[in-house]
Amino acid sequence: MPVSTVWVLAEANASGAATPTTLELLTKARDLASDIQAVAWGDAAAGMAQALGEHGASRILHVADVGDGLPGPAVAAAMAEKIGSGGPDVVLMPQSYDGRDVAARLSARLDRPVLTNVVELSGGDKPEACHAVFGGAKIVKARFTSDGPQLFLVRPKSFAAEPSGGAAAELETLTVPDLGNEGAATITERHVEERSGPQLDEAPVVVSGGRGLGEAGKFELIEQLAKLLKGAPGASRAIVDAGWVPYAY
């Protein structure tokens, strides 16, 4: 049977707006099915209703009560319970920290595999996923052979976000079942790193530097050029590990 319903895991940024990757996934979801629903959590869900609706979501499945811990356990449990009473054919999730956490837990609850590191998706009843390997030097293709839900983790910037002119999405609250020990961990402290300019995963231009700069002090040249190009400075893993720049680079 063709794909009829797609769920998109919708994330909010620090200001409560839908992340660019969320809007990219909603845009791609419109190529796969006509019934698009977003899964969001916390207080930001209502504030995202207009943007999510404009990009194709007719409904927001809202996990309101995520407790004091990471959202992954509560969101995955609520999604799995909803799927048990009739779920989507396809679930698209961003390859972010929370996205990967939700995908892993949902996979375990449903006993379903996840196709990760997706950079493109074709249509059809079993969408074909393209995956970048060896640093992007090769592209491999894969698809599910069994019935849904088909779970995909998608890399940011894989698709262009384009609004469709839809109305604000309606909210439907999902119940979180008893999490047991899975929900025992709590967040005791948060640290928000000070950053300026475009975020690395949202910037249209990235200027990257590595050990070839010679010393940490010369990374300022990268930052200056990035600023002139209205882009974000990036760094190789080596100089991040060496302590030249923060991990966010």
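That block above? That's the structure.
Here the structure is a predicted model, which means the values were calculated and not measured. (Residues numbered from 1 in each chain as written. Predicted model: local features only at pLDDT ≥ 70, side-chain atom pairs only at ≥ 80, totals over all residues. Heavy atoms only, no water.)

**Thoughts on the sheet that holds strand E6 (residues 129–133)**
So, step 1. Strand order across the open sheet formed by nine strands is E7-E6-E5-E8-E4-E1-E2-E3-E9, with mixed pairing between neighbours. Sheet topology places strand E7 (138–142) and strand E9 (170–173) at the edges, where each strand pairs with a single neighbour. On average, each strand axis in the sheet is tilted by 40° relative to the strand beside it, whichever way the strands run.
So, step 2. The pairing of strand E3 (residues 59–63) with E9 spans four bridges and is parallel. Opposite arginine 59, over in E9, you have glutamate 170 as the bridge partner.
So, step 3. The strands touched by helix H1 (residues 20–32) are strand E1 (5–9), strand E2 (35–41), strand E4 (90–94), strand E5 (114–121) and strand E8 (150–154); relative to E1, the strand with the most contacts, the crossing angle is about 175°. (Pairing = 2+ DSSP bridges. Helix = DSSP H or I, 4+ residues; strand = E, 2+ residues; numbered from the N terminus. Axes fitted to C-alpha atoms, helices over the stretch in contact; angles between N-to-C directions. Contact = heavy atoms within 4.5 Å.)

**Brief notes about the nonpolar core**
So, step 1. In terms of nonpolar packing, the biggest core is built from 31 residues, with Val6, Leu52, Leu92 and Phe152 touching the most fellow members.
So, step 2. Put simply, the parts of the chain that give this core at least two residues each are E1, H1, E2, helix H3 (49–54), E4, E5 and E8.
So, step 3. Examining the composition of this core, we find that five residues originate from one element, H1, more than from any other.
So, step 4. Apart from the residues within four sequence positions on either side, phenylalanine 152 is in contact with Val90, Val91, Leu92, Met93, Val114, Leu115, Val118, Leu121, Pro127, Ala129 and Phe144.
So, step 5. The next biggest cluster of nonpolar side chains, apart from the first, holds 24 residues, and it includes Met79, Ile83, Met93 and Leu174. (Core = buried A, V, L, I, M, F, W, Y, C linked by side-chain atoms within 4.5 Å. Buried < 20%, exposed > 50% of the residue type's maximum accessible area, 1.4 Å probe, protein only.)

**Observations concerning the environment of glycine 136**
So, step 1. Residue position: glycine 136 is located in the loop between E6 and E7.
So, step 2. Overall, the relative accessible area of 44% leaves glycine 136 in the partly exposed class.
So, step 3. Placed 17 residues apart in sequence, glycine 136 and valine 119 show a C-alpha to C-alpha distance of 10.0 Å.

**Comments concerning the packing of helix H4 (residues 71–84) against helix H5 (residues 97–110)**
Any two packed helices are characterised by how steeply their axes cross, that is the angle between the axes, and by the distance between the axes.
So, step 1. Packing of H4 against H5 brings their axes to within 8 Å, and their N-to-C directions diverge by 45°. Between H4 and H5, the interaxial angle falls into the category oblique. As for how H4 packs across H5, the hand of that crossing is right-handed. Contacts between H4 and H5 involve Pro71, Gly72, Pro73, Val75, Ala76, Ala77, Met79, Ala80 and Ile83 from the first element and Asp98, Asp101, Val102, Arg105, Leu106, Arg109 and Leu110 from the second.
So, step 2. Taken together, the residues of the contact of H4 with H5 break down into 11 nonpolar, one polar and four charged. (Parallel < 35°, antiparallel > 145°, perpendicular 65-115°, else oblique. Left-handed = near helix turned anticlockwise from the far one by under 90°. Nonpolar A, V, L, I, M, F, W, Y, C, P; charged D, E, K, R; others polar.)

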